[in-house]
Amino acid sequence: MEKEIKVCQFTEVKKNIEQHFRDHRLIPVLGAGFTCGCNSFEGKVPSGKEVKEYMIDSFLKYQPNIERQKMEEESFQSVAEYYHDTLKEKKNYDTYINYIKNNFTKVELPPYKIKFLKEIDWLYVYTLNIDTGIENNSDYKYAIVPNDKISEDFLKDYSCVIKLHGNAMKAIQNRNHNELIFDFAQYAKHIFTNKVMLNKLQDDFTYNNLIFIGCSLDSELDLVNFKINEYEKKGIEQEKYVYYCTKGKPDVLKLIKLKKYGITHVVIFKNYEDIY
């Protein structure tokens, strides 16, 4: 039977989290909120909404007869699909690659987020972000991207960041937008071909405890239906936790969404800064 998500204050789970640290059994998953608004190469790291607006603006330059409101009603993945199709047709990748370069590289984190990365001895870090904020501001400089091999020895010996949706630097280096996972086709390929990385994440759902920070978890298609209760099938008796940190109490609709991602505890903070 599926358990209900527990909504709680940090003080209610503090002892559990401290024990996870002592056991080396807590892995962070960092989302857009971790780097959004931070200074970058020639701009600031945009939010998902801002990236969507950029793609709509660019698309409408080539397709002016499409109503903007219709595009805005589409999901992020759908807008990305239309935009990428237009890029392919017009063979105009340079503008997009420069957008990635200017806004997602050479990212500068504020001191309290640097402290979060440097003073806590994480085994490794997962991120849904494509930007270089983690690598540029911490010891987690070894970026593992989709379809890379992942060995436990390498994760143990080196400080790694596992970039679930790709790496801006790879996209720039290879001049290839398919290094990033934005649209439906890219998500589908990721889910079916990137078994090593997704199996690693499933193992962490099963054997470790996860804490999601700065993640909206609105439409992460590759993370839907990871089930924490897999541990029951493998004879693991110790209960596992998946924490979702947020500001303010989520409504019923949000809680229903979070269930799909295997969240067990929603941890409420007064301010986003308090999470770190």
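Residues numbered from 1 in each chain as written. Predicted model: local features only at pLDDT ≥ 70, side-chain atom pairs only at ≥ 80, totals over all residues. Heavy atoms only, no water.

K.L.:
Help me understand the layout of surface pockets, please; the structure alone is not making it clear to me.
P.N.:
In this structure, the largest pocket encloses a volume near 1100 Å³. Lining the largest pocket are 45 residues, with Ala 32, Gly 33, Gly 48, Gly 214 and Ser 216 sitting closest to its centre. For the lining of the largest pocket, the secondary-structure elements that each account for two or more residues are helix H2 (48-62), helix H4 (76-90), helix H6 (111-118) and strand S9 (242-247). Here the residues of the lining of the largest pocket sort into 21 nonpolar, 14 polar and ten charged. (1 Å grid on protein atoms, 1.4 Å probe; cavity = no way out; pocket = protein on both sides within 12 Å on 5 of 7 lines; lining within 4 Å. Points joined across faces, edges and corners; volume = space filled by probe spheres on them. Helix = DSSP H or I, 4+ residues; strand = E, 2+ residues; numbered from the N terminus. Nonpolar A, V, L, I, M, F, W, Y, C, P; charged D, E, K, R; others polar.)

K.L.:
Even after reading the chapter, I still don't get unusual backbone geometry, so can you show me in this structure?
P.N.:
Negative phi values dominate among residues other than glycine, just as trans dominates among peptide bonds. With a phi close to 75°, Asn 147 is a non-glycine residue in the positive phi region. Take Asn 147: it is sitting in the loop between strand S6 (142-144) and helix H8 (152-157). Within the chain, Arg 175 stands out as a residue other than glycine whose phi angle is a positive 50°. Mapped onto the elements of the fold, Arg 175 is located in the loop between helix H9 (168-174) and helix H10 (184-193).

K.L.:
Would you take a moment to explain the packing of aromatic side chains for this structure?
P.N.:
Within a pair of aromatic rings, the relevant descriptors are the distance that separates the centres and the angle that separates the planes. A full pass over the atoms with the stated rule returns 18 aromatic pairs. Ring centres of Tyr 54 and Tyr 99 lie 3.7 Å apart, and the angle between their planes is 0°; this geometry places the pair in the stacked category. Highlighted residues: Tyr 54 in helix H2 and Tyr 99 in helix H5 (residues 94-104), separated in sequence by 45 residues. Residues Tyr 54 and Tyr 99 agree in their burial class; the two are buried. Taken together, the aromatic side chains of Phe 21, Phe 34, Tyr 112, Phe 116, Trp 122 and Tyr 276 make up a single cluster linked through ring pairs. Against the face of Phe 34 rests Lys 113, its NZ or CZ located 5.5 Å from the ring centre. (Phe/Tyr/Trp six-rings, centres within 6.5 Å; stacked < 30°, edge-to-face > 60°. Buried < 20%, exposed > 50% of the residue type's maximum accessible area, 1.4 Å probe, protein only. Lys NZ or Arg CZ within 6 Å of the ring centre and 35° of its normal.)

K.L.:
Just checking my understanding: could you explain the pattern of salt bridges for this structure?
P.N.:
Pairs can form between side chains of opposite charge once their charged atoms are near each other. Enumeration according to the criterion identifies ten salt bridges in this entry. In this structure, Arg 68 engages Glu 53 in a salt bridge whose closest nitrogen and oxygen atoms are separated by 2.7 Å. Of this pair, Arg 68 sits in helix H3 (residues 68-72) while Glu 53 sits in helix H2, and the two are 15 residues apart along the sequence. Under the relative-accessibility criterion, Arg 68 is labelled partly exposed at 30%. (Salt bridge = Lys/Arg side-chain N within 4 Å of Asp/Glu carboxyl O.)

K.L.:
Mind showing me how you'd approach the pairing of strand S8 (residues 209-213) here?
P.N.:
Look at any regular strand and the pattern is simple: side chains alternate between the two faces of the sheet. Within S8, five of the five residues are buried, which leaves it mostly tucked inside the rest of the structure. Residues Asn 209, Ile 211 and Ile 213 line one face of S8 and the alternating positions Leu 210 and Phe 212 line the opposite face, and both faces are buried. With five bridges joining them, strand S2 (residues 26-30) and S8 adopt parallel strand pairing. Its bridge partner being in S8, Ile 27 is matched across the sheet by Leu 210. Sheet topology note: the S8/S9 ladder contains three bridges and is parallel. Residue pairing in the sheet places Leu 210 in a bridge with Val 242 of S9. (Pairing = 2+ DSSP bridges.)

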